[in-house]
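Spelled out from the first residue to the last, the chains are:
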Amino acid sequence: MRLLIVEDEKRLAVSLAKGLTAEGFAVDVVHDGLEGLHLAGQGGYDLVVLDIMLPGMNGYRVCAALRAAGHEVPILMLTAKDGEYDEAEGLDTGADDYLTKPFSYVVLVARVRALLRRRSRGSASPVLTVGPLRLDTAARRVHRGEDEITLTAKEFAVLEQLALRAGEVVSKADILEHVWDFAYDGDPNIVEVYVSTLRRKLGAASIVTVRGAGYRLETR
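Source: prediction; values computed, not measured.

Caption draft 1: Molecular detail of the overall build of the chain. Looking only at helices and strands, the chain has eight helices and 12 strands in total. With an accessible surface of roughly 10900 Å², the chain has 51% of that area assigned to carbon and sulfur atoms.

Dropping the structure here:
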């Protein structure tokens, strides 16, 4: 899952990004409302965490512009304001949920997961079945038959990208884009490391390398 954080308090934004990345999400961060609108408007995000008091364009206007353009991405609004009229205005502009600062990080993650589950139920089952594998994308658990396979957050995220396009070739660039983030400038061969680990845990024949193209999760 790919998240966008639009928050001008840089320390808070970095802290949230680190925490959500550790949870297995790919996270992009911007600190300006106009830039947030531009990125969110391009699509490709599963959820937007949006502050209200932003330079360039406030969160209310960003949210309203996204909804007016037909974007249905879930939006979780963050604000230092706690009046019921502020909350009502945020929800009226199209936000899906509202969290007042200061907030518990545990509560924020729970809200994010709840919004993603709600979106999954509205579009497709949160459980992906590929051959003998069963991935519960909400609980982030993997089973082969009756046996649970323990994966790290990043391992699960890589497997999820392959499972969403099971039987198709998924490029290394696609995996990097959805599992890491646009600011990642490390070795792209990190994908190979995770694929190798997944093969060890799932079975060597479960993921096929297509030279020069990417990887394919077998459906048999």
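Caption draft 2: How the structure looks around the pattern of salt bridges. Evaluation of the coordinates by the stated rule reveals 13 salt bridges. Residue Arg 165 pairs with Glu 168 through a salt bridge whose shortest N-O separation is 3.5 Å. For Glu 168, a relative accessible area of 44% translates into the label partly exposed. A single network of salt bridges, built from pairs that share partners, joins Glu 7, Glu 9, Asp 51 and Lys 101.

Caption draft 3: Local environment of the environment of Ala 22. Mapped onto the elements, Ala 22 comes out in helix 1 (residues 10-22). Along the primary structure Ala 22 and Thr 152 are separated by 130 residues, whereas in three dimensions their C-alpha atoms are 9.5 Å apart.

About the thresholds
- Residues numbered from 1 in each chain as written.
- Predicted model: local features only at pLDDT ≥ 70, side-chain atom pairs only at ≥ 80, totals over all residues.
- Heavy atoms only, no water.
- Helix = DSSP H or I, 4+ residues; strand = E, 2+ residues; numbered from the N terminus.
- Areas by Shrake-Rupley, 256 points an atom, 1.4 Å probe, with all protein chains shown as cover.
- Salt bridge = Lys/Arg side-chain N within 4 Å of Asp/Glu carboxyl O.
- Buried < 20%, exposed > 50% of the residue type's maximum accessible area, 1.4 Å probe, protein only.

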